[in-house]
Each structure stands twice: as C-alpha cells, then as structure tokens.
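# Summary of the model geometry
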Amino acid sequence: MITLTVDLGERSYPIYIGNALLGQTELLKQHIPGNSALIVSNETVAPLYLEKTQSMLSGLRHEAVILPDGEKYKNLEVLNQIYDSLLRNHFDRNTTVIALGGGVVGDMAGFAAASYQRGVHLIQIPTTLLSQVDSSVGGKTGVNHALGKNMIGAFYQPRAVIADIDTLDTLPDRELSAGIAEIIKYGLINNVEFFAWLEQNMQALRERDKAALSYAIEFSCQAKADIVAADERESGKRALLNLGHTFGHAIENAMGYGEWLHGEAIGAGMCMAAIMSNQIGWMNDKETQRTVDLIAQAGLPTRAPGSMTTEKFLKLMSVDKKVLDGVLRLVLMKGIGQAVVTSDYQAEDLNRAIEQAIAD
Ligand SMILES: NC(=O)c1ccc[n+]([C@@H]2O[C@H](COP(=O)([O-])OP(=O)(O)OC[C@H]3O[C@@H](n4cnc5c(N)ncnc54)[C@H](O)[C@@H]3O)[C@@H](O)[C@H]2O)c1
Ligand SMILES: [Zn+2]
C-alpha cells in the first residue's frame, strides 16, 4: 500500500492506494470519529462492494443509501435522497458519510456531507479509475443543474481517500479509458516525462496491468495533491486542472449528461486545447500530434461530436465557471507539460479551433 498526503494544514488527509484495501477494517475505522456512518453508493456498485464496506463498519451504527446510476441523476432531486436517509436515521453532526462509487457518487455524497447540518465527516472510497485519480482528491463536491454542469456545490475535503485498485477489475473498458483521460491531463499540464511514460505504457494500462495502474494512480494523485495544496480554492494554479474541461463540459452539456462520458468529453476537449494552442503558434506540430495520438491510443474520442456547432460551443462555454469577470479563460499549452491559464487569444482563434475540432 502507498500512502500519500494532501497537505492542507490541520485539514490534511491521507490517500491510500493499493490492492485489497476493502476489508481492512482499521484502515477505514481510524478515520471515523463518531459511532455512526452512512454509506452512499449506487445500484451498480452496491451489489459489488457494499457488503465488504459494511463489514469494515462492525460495531458502528451504519446505514446505506443506494442512488440510481448515472450522470443524469447527479442533481438536487436525487441528492435529497441522501438528506432523507440522514434525517430518517437521526444521524447527528458527528456522523460520517462514506462515498462508495465513482465520481458521481463521490461528488454527490461529498456535497451532502458538506451541507448536512453544516458539515459532517466524509470519507471517499473511489471505485472508478477517474475517481481514484481525480474526483475523490481535492474536495470539489456538487451536482449539476439543467443549465450547467457542477453549478451547485462546495469545497469540502474528506478525512481520507481509500483507493482499492482491485475494484477496477469490474470496471467496463469504456470507463477505464475515461479515467485515463484525466491521467493524460497531468502529463500535459506539467510533466513531459510522465507523458512519455504514458506513451510507452498505454497498452499495459488498457490491459489493466496492476503495476502500471498503480504507478499511474500514484503519480496522478500526487500531482493533484500538490496542486490542491498550493491552491485549494482555485484562485490560481488549480485552474490548470481544467485543461480540456471548458471544451469538454460544453460537449457533455450539449449531448445531454451521460451520452458522452466525462472522460471522453475531456479527451476531445484536450485535443481541442492542443489544436488551438497549435493554431496560435504556442505548441508545435509534433507535440500537437503526439497529444492527439495518445488520446486516441487511450480509446478516447479526439473530435467533438458532429452534431455540435460553433455557436452551441460558444454559448455553453460561456456558462462554464471559468468565465471570470466576463472573460473566458482557457487552459492552453505552450508545449507538452507546459499548460497555462490564459485569456490571451483572439475570438477568431477560438472559433477556428472549434470549427476544426467538430467531426465531419
Ligand atoms: N470533484 C472533482 O474534482 C471531479 C473531478 C473530475 C470529475 N468529477 C466528476 O466525476 C464524475 C465522473 O466520474 P466517473 O467517471 O467515476 O463516473 P461514474 O461515477 O458515473 O462511474 C462510471 C460508471 O461506472 C460504474 N462503476 C463505478 N465503479 C465501478 C466498479 N468498480 N465496477 C463496475 N462499475 C463501476 C458506475 O456505476 C457508473 O455506471 C462526473 O460527474 C464529473 O463531473 C469530479
Ligand atoms: Zn474531469
């Protein structure tokens, strides 16, 4: 087992990464201060891992709430089911919410924990690759609104993250690729060596080689932990983690949540960021091609859906949170491993990049 730390002063917390972590009672219990816990999971993950998780809670009063599965249920109405369960069970302020599932469950359970009685304890047990390398770390929680993704939420840090690599055995291939999108992102942001490692090891990752997965998860969590520790509430550097996301969120929103997976939209979004960086003379042809190739090798789309238009993109992108004081800030690249947050581009540059990125 590897233990990393997200360094946030007295709110610091460990990330445990390893095999067979589910079932290790003390690993979980040491992070539960009170005597009650609510497990939040969904109808796909619960049959696989709920029993094991419950077995780690012996001696505590615990309940489970099982949500419907899917991004389209990441909304206020379904969130209410978590509050219902907390209230019906008379869980008090010292209770612990345990998120058992992918990023959707993690974001919803996290926001419930942040807001129930103004905040109860939270532990993340991410079971998708995407949630293990990204969403469970860093404290962003929330739900979607019909008018925009993740528009309602809070920053709320967990007490621990337990990433059991064995849970990835049951993950569908498409979801595995979606997780790899966020892993590629860390290489593109600030580490060209890691990007090169991914070029060498993409096949091993897709074949679920445990050593390769373990290294990629560890590297990614450390990269995210470092960025979060430097800028918890995204006033600067943390915005780099949005590479590909302003484009990607527009795709997710336009297609209807759940049609394209989050990671798939981010794959296409990172290609768009690379193409635009290339068009404005920042990223050379070779690195742009390497970026598109690696995303394709990961089994991810490299173009935006053909049903999208430039107008639709621009409208949806301006709803995205990255608009600060009316200026749409994008994460672009000066090269692989050299991402920057910028509004230093012309409107026509953006239009041209979008036009080129939409599939024929
Ligand atoms: N909070 C953050 O910082 C942050 C960062 C990135 C993404 N996100 C959010 O995360 C969400 C995407 O997360 P995701 O990709 O994990 O999607 P997800 O939670 O929808 O999970 C993907 C699918 O895999 C299933 N599943 C989960 N674990 C499984 C397992 N071990 N075996 C078999 N099936 C399993 C789920 O039930 C679901 O059907 C989006 O809502 C996105 O906005 C949040
Ligand atoms: Zn993401």
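Our subject is the structure listed above.
All of the points below concern the structure found in this document. (Residues numbered from 1 in each chain as written. Chains lettered and ligands numbered in written order. Predicted model: local features only at pLDDT ≥ 70, side-chain atom pairs only at ≥ 80, totals over all residues. Heavy atoms only, no water.)

### A short note on unusual backbone geometry
- Although it is not a glycine, His-90 adopts a positive phi angle of roughly 55 degrees.
- Relative to the elements of secondary structure, His-90 occurs in the loop between helix H3 (76-88) and strand E5 (96-101).
- In this structure, Arg-208 is a non-glycine residue whose phi angle is positive, near 65 degrees.
- Of note, Arg-208 is situated in the loop between helix H7 (192-206) and helix H8 (210-230). (Helix = DSSP H or I, 4+ residues; strand = E, 2+ residues; numbered from the N terminus.)

### Description of the coordination of the zinc ion (ligand 2)
- Distances from the zinc ion (ligand 2) to its protein donors, Glu-182 (OE), His-245 (NE2) and His-262 (NE2), fall at 1.9 to 2.1 Å.
- Motif for the zinc ion (ligand 2), donor spacing along one chain: E-x62-H-x16-H. Of the two residues, His-245 is situated in helix H9 (residues 245-255) and His-262 in helix H10 (residues 262-279); the sequence distance between them amounts to 17 residues. Neither residue differs from the other here; His-245 and His-262 are each classed as buried. (Donors = N, O, S within 2.8 Å, 3.2 Å for Na, K, Ca; no water. Buried < 20%, exposed > 50% of the residue type's maximum accessible area, 1.4 Å probe, protein only.)

### A closer look at the nonpolar core
- Of all hydrophobic cores here, the largest spans 78 residues; its most connected members are Leu-129, Ile-184, Phe-247, Phe-313, Met-317, Leu-330 and Leu-350.
- Element by element, the count of residues in this core is highest for H8, at ten residues.
- Excluding its chain neighbours within four sequence positions, the residues that come into contact with Phe-313 are Phe-247, Ala-250, Ile-251, Met-272, Ala-304, Met-308, Ile-354 and Ile-358.
- Formed by 22 residues, the second largest nonpolar core is a distinct cluster that contains Val-40, Leu-86, Val-97 and Ala-109. (Core = buried A, V, L, I, M, F, W, Y, C linked by side-chain atoms within 4.5 Å. Contact = heavy atoms within 4.5 Å.)

Honestly, that's just the spatial picture; any functional story needs more than this.
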